[in-house]
Amino acid sequence: MPFLSVSRLRVLLAAALLLPLTAAGCATAQTAATEGDEATVQTPAMDAPFRLGIGEAARIEGHTVTFVAVTEDSRCPEGVDCIRAGEARIQVEVDGEAVVLTLPAAMARDGDTAVVRVGEALVEATDLLPYPGSAADEAEEPIQAVFVVTAG
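Residues numbered from 1 in each chain as written. Predicted model: local features only at pLDDT ≥ 70, side-chain atom pairs only at ≥ 80, totals over all residues. Heavy atoms only, no water.

> It is not clear to me how the state of the cysteines should be interpreted in this structure. Could you clarify?
In a disulfide, the sulfur atoms of two cysteines are held together by a covalent bond. The full count for this structure, using the stated rule, is one disulfide. Through a disulfide, Cys76 is tied to Cys82; the S-S separation comes to 2.0 Å. Handedness of the Cys76-Cys82 disulfide follows from its S-S torsion of about 80°: it is right-handed. (Disulfide = S-S within 2.5 Å.)

> I tried to follow the packing of aromatic side chains on my own but got confused; where do I start?
Centre distance and the angle of the planes are the two values used to describe a pair of aromatic rings. Overall, the coordinates contain two aromatic pairs when judged by the stated rule. Every member of this aromatic cluster is reached through a ring pair, and the members are Phe50, Phe67 and Phe147. (Phe/Tyr/Trp six-rings, centres within 6.5 Å; stacked < 30°, edge-to-face > 60°.)

> Explain the nonpolar core here, please?
One recurring pattern in soluble globular proteins: nonpolar side chains tend to sit buried together. Counting 24 residues, the largest nonpolar core has Phe67, Ile90, Leu101, Val123, Leu128 and Phe147 as its most contacted members. If you list the elements that add at least two residues to this core, you get strand S2 (50-53), strand S3 (57-60), strand S4 (63-73), strand S5 (87-94), strand S6 (97-104), strand S7 (115-118), strand S8 (121-129) and strand S9 (144-151). When sequence neighbours within four positions are dropped, the list of residues in contact with Ile90 reads Phe67, Ala69, Val70, Thr71, Val99, Val100, Leu101, Leu103, Ala125, Leu128, Ala145 and Phe147. (Core = buried A, V, L, I, M, F, W, Y, C linked by side-chain atoms within 4.5 Å. Buried < 20%, exposed > 50% of the residue type's maximum accessible area, 1.4 Å probe, protein only. Helix = DSSP H or I, 4+ residues; strand = E, 2+ residues; numbered from the N terminus. Contact = heavy atoms within 4.5 Å.)

> It is not clear to me how the pairing of S7 should be interpreted in this structure. Could you clarify?
Residues in a regular strand point their side chains to alternate faces of the sheet. Of the two faces of S7, only one is covered, namely that formed by Val116 and Val118; the face formed by Val115 and Arg117 stays uncovered. Of the strand pairs in this sheet, S7 and S8 are connected by four bridges, and their pairing is antiparallel. Across the sheet, Val115 pairs through a bridge with Glu124, a residue of S8. (Pairing = 2+ DSSP bridges.)

As structure tokens, this is what we get:
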């Protein structure tokens, strides 16, 4: 496997440092744009997977799920051999309460979960797209989280 050049490593490091700032700025702008805008709120069916972009919301069985931000994405890129598989952490609001969900690529750390209970329902984050290093990632497709809400 070829080693990364110093210049390529610097570009990757700069991108890694700027990404959280960029994502935070996008989350704030998109969240503000969706508040009070009923047309932007999805209404998926219970037990059916649905996708939300940053700042988007869905209402299911009286519960509101809003994808706020990606707080960490250390998943091993496609086509790369990594020592550790990594995970993604996303911030979500469920009925107005902030929750951080972890989507492990392998074993989760103690206390990490991709599921939160809300009343009689379970909200689960099942995927974060695009996957690092994928063609969709290279094409800079918008970030989306995949969720499923089930009766608990």
